[in-house]
There are 2 protein chains.
Amino acid sequence: MAEPLFNRLCLIGLGLIGSSLARMARERGDIARTLVACDHGVGVAARLRELDLADVVEVDAAEAVKGCDAVILCTPVGSFASVMAQIAPHLAPGAILSDTGSTKGSVLRDLLPLLPAGVDLVPGHPMAGTEHSGPDAGFSTLFQGRYVILTPGDYGSPAAQEKVAELWRRAGAMIESMDPTTHDKVVAIVSHLPHLIAFTICSTADDLAQETREQVLKFAASGFRDFTRIAASDVDMWRDVFLNNREALLEMLARFSEDAHALGRAVRWGEAGFIEDRIRRGRKIRGSLIELKQA
Amino acid sequence: MAEPLFNRLCLIGLGLIGSSLARMARERGDIARTLVACDHGVGVAARLRELDLADVVEVDAAEAVKGCDAVILCTPVGSFASVMAQIAPHLAPGAILSDTGSTKGSVLRDLLPLLPAGVDLVPGHPMAGTEHSGPDAGFSTLFQGRYVILTPGDYGSPAAQEKVAELWRRAGAMIESMDPTTHDKVVAIVSHLPHLIAFTICSTADDLAQETREQVLKFAASGFRDFTRIAASDVDMWRDVFLNNREALLEMLARFSEDAHALGRAVRWGEAGFIEDRIRRGRKIRGSLIELKQA
């Protein structure tokens, strides 16, 4: 077995992502000599002990990070500023700070001002997830074959970046690097806008008159069903994602909205050619995904 | 084996739905003594013979329906008026005419004026499909466990309605009856609007600058990928669906659009409570689907 990457690794927030990381680290044994899990959710610490997901379970983040050479924030991104305020004074010199947040501009905004000298920040975003949440929802293979996007900068040394990359490689993921602004735009269209749309269409359906709504639920064919799978995601996480990737998300929503109205107008006026063109572009994108083995 | 339901059944249009019906009928043997398959697509007739999907293969619809006691239109709904003009003079007295179109108001509009006296019309819509199309895409189990919505009226006798229902029951489907207007509204939100949205978001992504688009394709996580699966559907079918369910589709698009803008506004102004409420409603709808075993 390879040498453990870290001596003492602290995961803060043991939801789907954090508990999957913990399970992976426990199964492999080459991630950290000591694994610290910190979550202040009601009953979560007890559950973590029952599941035996870490060597040390803490509810207090300041305590949890003491003496750790690596800390990974896995809480919803809206909590980062307050978590950082708690842990910053206790981060050990030479420690690596990373995260799994879905937005990266906001992470830099919230973490950089409090980053102690001598601590390396390596922001990361695993492009993996399910519609389930909480410490019981995680599984050790969640990251296998998935991309993890790192947005490194002069806030983290090359050696620290390499250690974080190696953590994710051991989790089975593929590493990509990107600047934070590009990251936030790409995930806005790839993930955040689809979620906003899915939440919306469920809400629109929910507003229909009682009789129609019952029929809607009964006849939810594949189209609508796929949307509801996306829409079943965690409330706190997605509220925070929307609020912390506001600019990019609103830009993509505006573009999408223009395009949807253009297609609606073509339907109203019977412009078959325009409609066909839009359908063909959907098929083209799908074809590209299949070529790239992403479909 | 049960007595065949029909003596001579003609399927017009052997795409995904029509060829699945043909396969089901061939496998069971209790659907029709003689199965006639009619498609004027280039090369389709030859392919139908190769696949041995019918006893008789025709390219001319007028010829195909002669002497049939049942005819099912499985072509895109935009073709119904012209197909009906061809076949109406040749429909045998006492024959049953049915269809598998995704819109029902337009089907009545296009078929009723030409319906010969003594021919029973029983419109139907199997809520089943995949993103694939053409005679090779069909499979005999496509309808198992899926709903088929019939929109019967005084244009079809109870006996004719029962025979069409029995056909679908033998295909493994569950039968529901609905008036055409309700049907068109329900499918607008359950299926047509999700497809319009999926085509649109693919098109929006396709318009992004080259570099971002490549990243989008690379990182198409589950959210976007689900949308592209929907967007890979048949061009002719979906153009016709949009144009033939215009009113209901535009109404649902308008409702969705208002709701999407309201959520966008909440994101802009940081209204966390509103955002959480929308996400919770998505989860609620998902929960209802799971209770109804539709998820």
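The shown structure was predicted, so the numbers you read here are calculated from the model rather than taken from an experiment.

Caption draft 1: The arrangement of helix H4 (residues 80–87) of chain B in detail. All names here are of chain B. Three or more residues of H4 are buried, namely Phe80, Val83, Met84 and Ile87. Buried residues in H4, looked at end-on, bunch into an arc of 100°, giving them a common side. Contact partners of the buried residues in H4: strand S1 (6–12), helix H3 (61–65), strand S4 (70–73), strand S5 (96–99) and helix H5 (105–111).

Caption draft 2: Here's a closer look at the packing of aromatic side chains. Summed over all chains, the structure comprises eleven aromatic pairs over all chains. Plain terms: the ring middles of Phe143 of chain A and Trp168 of chain A are 5.0 Å apart, the flat faces sit at 80° to each other, and that makes the pair edge-to-face. Here the residue Phe143 of chain A occupies a position in the loop between strand S7 (124–126) and strand S8 (147–150), and Trp168 of chain A occupies one in helix H6 (residues 158–170), the gap between them amounting to 25 residues. A residue is classified by how much of its surface remains accessible, and Phe143 of chain A, at 1% relative accessible area, is buried. Here Trp168 of chain A falls in the buried class, since its relative accessible area comes to 1%. Taking the centre distance of 6.5 Å and the plane angle of 85° together, the rings of Phe256 of chain A and Phe256 of chain B count as edge-to-face. Of this pair, Phe256 of chain A sits in helix H11 (residues 246–268) while Phe256 of chain B sits in helix H11 (residues 246–268), on two different chains. Of the two residues examined, Phe256 of chain A and Phe256 of chain B, each falls in the buried class. Feature note: the residues Phe199, Trp238 and Phe242 of chain A constitute an aromatic cluster, connected by ring pairs.

Caption draft 3: Spatial organisation of the sheet that holds strand S1 (residues 6–12) of chain A. Residue and element names in this part refer to chain A. With respect to topology, six strands assemble into an open sheet ordered S3-S2-S1-S4-S5-S6, the strand pairing being parallel. Since the sheet does not close on itself, it has two edges, and those belong to strand S3 (56–58) and strand S6 (120–122), each with one partner. Neighbour-to-neighbour, the strand axes of the sheet open up by a mean angle of 20°, direction not taken into account. Pairing analysis gives six bridges linking S1 to strand S2 (residues 32–38), with the strands arranged parallel. Among the inter-strand pairings, Ile12 is bridged to a residue of S2, identified as Cys38.

Caption draft 4: The domain arrangement of chain A, seen in detail. All names here are of chain A. Taken domain by domain, chain A comprises domain 1 (6–178) and domain 2 (182–291). Its C-alpha centre places domain 1 at a distance of 31 Å from the equivalent point of domain 2. Between domain 1 and domain 2, the contact holds 18 residues from the first and 16 residues from the second. Surface buried jointly by domain 1 and domain 2 totals about 1300 Å² across both partners, of which 63% is contributed by carbon and sulfur atoms. The three residues of domain 1 that bury the most area against domain 2 are Ser102, Glu131 and Met178, which together make up 37% of that side's buried surface. Viewed at the interface, domain 2 and domain 1 are joined by zero salt bridges. Taken together, domain 1 and domain 2 are joined by five residue pairs in polar contact (both at pLDDT 80 or more). Ranked by the residues each element gives to the side of domain 1 that touches domain 2, the list is headed by helix H5 (residues 105–111), at four residues.

Caption draft 5: How the structure looks around the interface of chain A and chain B. Listed as interface residues are 85 residues of chain A and, on the opposing side, 85 residues of chain B. For the pairing of chain A and chain B, the buried interface totals around 8600 Å² over both sides, and the portion due to carbon and sulfur atoms is 69%. Joining chain A to chain B, the criterion identifies ten salt bridges. Asp206 of chain B is the partner of Lys284 of chain A in a salt bridge, and the nearest nitrogen-oxygen pair spans 3.1 Å. At the boundary of chain A with chain B, the tally comes to 18 residue pairs in polar contact (both at pLDDT 80 or more). Put simply, the parts of the chain that give the side of chain A that touches chain B at least two residues each are S8, helix H7 (180–206), helix H8 (210–218), helix H9 (222–231), helix H10 (235–244), H11 and helix H12 (272–291) of chain A. Here the residues of the side of chain A that touches chain B are counted per class, giving 46 nonpolar, 17 polar and 22 charged.

Caption draft 6: Structural detail: the pairing of strand S8 (residues 147–150) of chain B. All names here are of chain B. Where burial is concerned, the two faces of S8 agree: the one with Tyr147 and Ile149 and the one with Val148 and Leu150 are both buried. By the bridge criterion, three bridges tie strand S7 (residues 124–126) to S8 in an arrangement that is antiparallel. Note that in S8 the partner of Gly124 across the bridge is Leu150. What joins S8 to strand S9 (residues 174–177) is helix H6 (residues 158–170), and the crossover it makes is right-handed.

The rules behind these values
Residues numbered from 1 in each chain as written. Chains lettered and ligands numbered in written order. Predicted model: local features only at pLDDT ≥ 70, side-chain atom pairs only at ≥ 80, totals over all residues. Heavy atoms only, no water. Buried < 20%, exposed > 50% of the residue type's maximum accessible area, 1.4 Å probe, protein only. Helix = DSSP H or I, 4+ residues; strand = E, 2+ residues; numbered from the N terminus. Arc of directions from axis to C-beta. Contact = heavy atoms within 4.5 Å. Phe/Tyr/Trp six-rings, centres within 6.5 Å; stacked < 30°, edge-to-face > 60°. Pairing = 2+ DSSP bridges. Axes fitted to C-alpha atoms, helices over the stretch in contact; angles between N-to-C directions. Domains from an automatic or database assignment. Buried area = accessible area lost by both parts, 1.4 Å probe. Salt bridge = Lys/Arg side-chain N within 4 Å of Asp/Glu carboxyl O. Polar contact = N/O pair within 3.5 Å; in protein donor to acceptor, adjacent residues only side chain to side chain. Nonpolar A, V, L, I, M, F, W, Y, C, P; charged D, E, K, R; others polar. Right-handed = clockwise from strand over helix to strand, strands pointing away.

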